[in-house]
Amino acid sequence: MKGCRFVRSLAAGVFLSIFVFSCSFANTQESEYISKNGISLKSIETYEVRGKIILSGLSQSNSIKILAVKDKKKCWFDANIENNRFEQEIWLTEGKGIYTIAIMLQLDDNRYKYGPELKIQNTEEVNKFLVPARDIDSSNKEIITLASEITKDKVTDTDKAKAIYEWVSNNIEYDYVKYENHLRGDFNNKYGSINTLETRTGVCYDYATLTAALGRAVGLQTKVIEGEGKLGGMQGLHAWNEIYITELNKWISIDTTFRATTGENFFDSIDFDGSHEKRIEY
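Attention now moves to helix 1 (residues 141-150). Those residues of helix 1 not exposed but buried are Ile143, Leu146, Ala147 and Ile150. Projection of helix 1 onto a plane perpendicular to its axis shows the buried side chains occupying an angular sector of 100°, all on one side. The exposed residues of helix 1 that point more than 90 degrees off its buried face are Lys141 and Thr145. In this fold, the buried residues of helix 1 make contact with helix 2 (157-171), helix 4 (193-199) and helix 5 (204-217). A side-chain oxygen of the first residue of helix 1 lies 2.9 Å from the backbone nitrogen of glutamate 142; this N-cap is asparagine 140.

Structure representation (structure tokens):
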């Protein structure tokens, strides 16, 4: 559906119980905070990490983001700030190797100023479809509790995926106000799994990120898909999900937005590809 124009740089990967965060330090020596442009980042001079890193620091501004760069690929993360302090978990889903991590001060929607940065070496491969990512908050306690409750009596991946699909479709209302904002070119709205769960409303991107967060929280490999959707006489940018079903050894497509707005079946339906054209996944 129209109104879902988003580029989400990062899709991230392993269920939290698979990898335990650890750091091995070469010549371990904790340094002072690295400070630049009103942001102070706590850092270690030389170290390796396995799969993820937890960043912490101080900021005079509430508008900062985290930029992770590996082999020229840039991935953005939102930083949660409380009382001028931030602590953020970053999963390194672009494979092993050297990452540059920078804290960015947001000046407006499209302009940023560089704060402190550091380099790290990731030594662990990560399944990006099983771990938290931007707007896919699968490590959030409320998300984990809800996902466990939804799937508590389910044994197979198919049953778990179907339960999550039904819950999101039946409990989230489509946000037509946000949709109208998009038509006017206004994308300055709140998005993602946490906001969708709290407000119980959203557009297609919100449905898809909440579905992905719930799926990953119970160990289901879950993708967010962006592409083009067709519904009746409407056609435009859209978001939905793919979930890996272990017992079937395949990915299936589901669309909680179309299910919620039409009442029709969009859970691995035969004609799913006829109304969806996939472009990117994360």
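Bridge count between strand 6 (residues 64-70) and strand 7 (residues 73-78): six bridges; the pairing is antiparallel. Looking across to strand 7, one finds that valine 69 is bridged to lysine 74. Here strand 6 hands over to strand 7 after two residues, with aspartate 71 in that stretch at a positive phi of 50°.

Counting 43 residues, the largest nonpolar core has Trp167, Val168, Leu210 and Leu214 as its most contacted members. Secondary-structure elements contributing two or more residues to this core are helix 1, helix 2, helix 5, strand 14 (222-231), strand 15 (234-245) and strand 16 (250-254). Take this core: its biggest share by element is nine residues, from helix 5. When neighbours within four sequence positions are excluded, valine 168 is seen to be in contact with Tyr207, Leu210, Thr211, Leu214 and Thr256. By size, the runner-up hydrophobic cluster in this structure holds 22 residues, among which are Ala68, Ile103, Leu118 and Ile120.

The antiparallel open sheet is built from five strands, whose spatial order is 2-3-5-9-8. Of all the strands in the sheet, just strand 2 (34-36) and strand 8 (81-82) have a single pairing partner and so form its edges. As judged from the three bridges shared by strand 3 (residues 39-41) and strand 5 (residues 52-59), these two strands associate in the antiparallel manner. Its bridge partner being in strand 5, leucine 41 is matched across the sheet by glycine 57.

Reading the values: rules and limits
- Residues numbered from 1 in each chain as written.
- Predicted model: local features only at pLDDT ≥ 70, side-chain atom pairs only at ≥ 80, totals over all residues.
- Heavy atoms only, no water.
- Buried < 20%, exposed > 50% of the residue type's maximum accessible area, 1.4 Å probe, protein only.
- Helix = DSSP H or I, 4+ residues; strand = E, 2+ residues; numbered from the N terminus.
- Arc of directions from axis to C-beta.
- Contact = heavy atoms within 4.5 Å.
- Polar contact = N/O pair within 3.5 Å; in protein donor to acceptor, adjacent residues only side chain to side chain.
- Pairing = 2+ DSSP bridges.
- Core = buried A, V, L, I, M, F, W, Y, C linked by side-chain atoms within 4.5 Å.

Keep in mind these values describe shape, not function.
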